[in-house]
Amino acid sequence: MNLQQIGVKIGHFTDEENGTGCTVFLFDKPVKASVSVRGSAPASRETDLLRPGKMIRQIHGILLSGGSAYGLEAAYGVMKYLEENGIGYDTGAALVPLVPGASIYDLKFKNSEVRPTKEWGYMAASSANYEMEEGAVGVATGATVGKFLGINHATKTGFGFYQENLDDYFVAAFMVVNALGEIIDEHGRIIAGVREGKNFIPAYSLIEKIDFKKFRMGENTTLGVVVTNFPLSKEMLARMAEIGHNGIVRAIRPSHTPFDGDIIFAVSVSDDSPVDEPYQLLKLLAVTENTVQKAIIRSVI
């Protein structure tokens, strides 16, 4: 898949040896964006400026990283790269690139002492291109699901992409899945989750047997970036991000638990005036649910 038609470049930095990494989204021009944070313990930066009512209307990039809150350091490398290329919000004294970000908790996957750094963020940004790469790359290097019985019974996941077209518009979802629960396909079958040998143990069968006092908040996270060329206001982008979480509900069971830190960013690459036509918006939001769901499934398969 060539991302040039979507108007986004993606760069990954992958550290397979230590099981972590980061992923950077760079846009061909400043874009309108918003966010929906459903997680109980999210690791994030610059998400408040994306909320409706805030002054900032456009951003220059998005960072998704491993390393829990430590990994947010990688955003400074992205900022440095953008500043060097003359991209940022002009404050009059300096350009300030606006790079919201969020991290997954992957510290238990391999080496908890190695986390994404600003150098990694810079390298991911400088390598960003229009070629789509899925799987265990970048932010998803240490991503797993099905952790009710611990990391040793979990299933490896990755970075997934899915796009749908709607008339003259598109909706594209990029998802990294690091959830507590299991992943189900469109037919309700478990395709990733708690492993016992070669079989999966349904998550719901374990809920009453697990001592949740041993669990820690924020050790699981599903992150996503949804991009459209439909002209939307910041307020409608916030709605799009919220609806995107419905796709999480359709694909992850159980979802949005107290131990998951889920975040979805929504971006419009259109410069046109926002469209406020209810029927068109209904179709757009329905497609958003579907693309998120299928991108999550692709992150596994």
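Before any of the text, the structure's been laid out above.
Every value quoted in this text rests on a predicted model; they were computed, and no experiment measured them. (Residues numbered from 1 in each chain as written. Predicted model: local features only at pLDDT ≥ 70, side-chain atom pairs only at ≥ 80, totals over all residues. Heavy atoms only, no water.)

## Let's talk about the overall build of the protein chain
Next, step 1: Of the regular secondary structure elements, the protein chain holds four helices and 18 strands.
Next, step 2: Its C-alpha radius of gyration of 18 Å places the protein chain within 12% of the 19 Å reference for a compact globule of 301 residues.
Next, step 3: The buried share of the protein chain, taken over its 301 residues, is 57%.
Next, step 4: Long-range contacts, defined here as pairs at least 24 residues apart, represent 80% of the contacts in the protein chain between residues at least 6 apart.
Next, step 5: Total accessible area computed for the protein chain in this model is approximately 12700 Å², and 48% of it derives from carbon and sulfur atoms. (Helix = DSSP H or I, 4+ residues; strand = E, 2+ residues; numbered from the N terminus. Rg over C-alpha atoms; globule rule 2.2 N^0.38 Å. Buried < 20%, exposed > 50% of the residue type's maximum accessible area, 1.4 Å probe, protein only. Contact = heavy atoms within 4.5 Å. Areas by Shrake-Rupley, 256 points an atom, 1.4 Å probe, with all protein chains shown as cover.)

## Observations concerning the nonpolar core
Next, step 1: With 37 residues, the main nonpolar core has Phe25, Phe159 and Phe174 as its most contacted residues.
Next, step 2: At five residues, strand β2 (residues 20–37) tops the list of elements feeding residues into this core.
Next, step 3: In this structure, Met175, Ile264, Leu285 and Val292 belong to the second largest nonpolar core, which totals 28 residues. (Core = buried A, V, L, I, M, F, W, Y, C linked by side-chain atoms within 4.5 Å.)

## Examining the packing of helix α3 (residues 234–251) against helix α4 (residues 278–300)
Next, step 1: At their nearest, the axes of α3 and α4 sit 7 Å apart, and the two run at 45° to each other. Here α4 runs oblique to α3, going by the angle between their axes. Here α3 runs over α4; the crossing is right-handed. Contact with α3, carried on its side by Met236, Arg239, Met240, Ile243, Gly244, Asn246, Gly247, Ile248, Arg250 and Ala251, involves Leu281, Leu284, Leu285, Thr288, Glu289, Asn290, Val292, Gln293 and Ile296 of α4 and no other residues of that element.
Next, step 2: Broken down by class, the residue content of the contact of α3 with α4 amounts to ten nonpolar, six polar and three charged. (Axes fitted to C-alpha atoms, helices over the stretch in contact; angles between N-to-C directions. Parallel < 35°, antiparallel > 145°, perpendicular 65-115°, else oblique. Left-handed = near helix turned anticlockwise from the far one by under 90°. Nonpolar A, V, L, I, M, F, W, Y, C, P; charged D, E, K, R; others polar.)

## As for the layout of surface pockets
Next, step 1: The space that makes up the second largest pocket amounts to roughly 230 Å³.
Next, step 2: Lining of the second largest pocket is provided by 13 residues; of these, Leu26, Phe27, Asp28, Leu82 and Ile87 occupy positions nearest its centre.
Next, step 3: Counting only elements with at least two residues in the lining of the second largest pocket, the list comes to β2 and α1 (74–84).
Next, step 4: Sorting elements by how many residues they give to the lining of the second largest pocket places β2 first, with five residues.
Next, step 5: Across the lining of the second largest pocket, the residue classes break down as eight nonpolar, two polar and three charged. (1 Å grid on protein atoms, 1.4 Å probe; cavity = no way out; pocket = protein on both sides within 12 Å on 5 of 7 lines; lining within 4 Å. Points joined across faces, edges and corners; volume = space filled by probe spheres on them.)

## Here's the deal with the sheet that holds strand β12 (residues 182–184)
Next, step 1: Strand order in the open sheet formed by three strands is β13-β12-β17, and the pairing between neighbours is antiparallel. The outermost strands of the open sheet, each flanked by one partner alone, are β13 (190–192) and β17 (252–253).
Next, step 2: Alignment of β12 against β17, held across two bridges, turns out to be antiparallel. Within β17, the residue paired with isoleucine 183 across the bridge is isoleucine 252. (Pairing = 2+ DSSP bridges.)

## Examining the side chain of serine 299
Next, step 1: With respect to the element layout, serine 299 can be found in helix α4.
Next, step 2: Those residues within four positions of serine 299 in sequence are excluded, and the remaining contacts are Thr157, Gly158, Phe159, Gly160, Met175 and Val177.

## Regarding the pattern of salt bridges
Next, step 1: Scanning the model with the defined rule gives ten salt bridges in all.
Next, step 2: Across the pair glutamate 242 and arginine 239 runs a salt bridge, and its minimum N-O distance is 3.2 Å. Placement of the pair is glutamate 242 and arginine 239 together in helix α3, with a separation of three residues, close to one helical turn.
Next, step 3: Look at glutamate 242 and you get partly exposed, because its relative accessible area is 33%.
Next, step 4: The partner of arginine 250 in a salt bridge is glutamate 289, with the nearest N and O atoms 3.0 Å apart. Note that arginine 250 is positioned in helix α3 and glutamate 289 in helix α4, a separation of 39 residues in sequence. (Salt bridge = Lys/Arg side-chain N within 4 Å of Asp/Glu carboxyl O.)

## Examining the side chain of serine 270
Next, step 1: On the secondary structure map, serine 270 appears in the loop between β18 (263–268) and α4.
Next, step 2: A distance of 3.1 Å separates a polar side-chain atom of serine 270 from the backbone nitrogen of aspartate 272.
Next, step 3: With near-sequence residues (within four places) excluded, serine 270 lies in contact with Lys32, Asn229, Phe230 and Pro231. (Polar contact = N/O pair within 3.5 Å; in protein donor to acceptor, adjacent residues only side chain to side chain.)

## Structural notes on the environment of serine 65
Next, step 1: By secondary structure assignment, the location of serine 65 is in strand β4 (residues 59–65).
Next, step 2: Residues serine 65 and threonine 222, 157 residues apart in the sequence, show an inter-C-alpha distance of 12 Å.
Next, step 3: Ignoring anything within four residues of it in the chain, the contact list for serine 65 reads Gly21, Cys22, Gly71, Leu72, Ala102, Ser103, Ile104, Pro116 and Val139.
Next, step 4: Only 3.2 Å separates the side chain of serine 65 from the backbone oxygen of glycine 71, close enough to count as a polar contact.

## Points about helix α2 (residues 118–126)
Next, step 1: Restricting attention to buried positions, one finds in α2 the residues Trp120, Gly121, Ala124 and Ala125. Buried residues of α2, viewed axially, fall in a sector of 130°; they line one side.
Next, step 2: The inward-facing, buried residues of α2 abut β1 (8–15), β2 and α1. (Arc of directions from axis to C-beta.)

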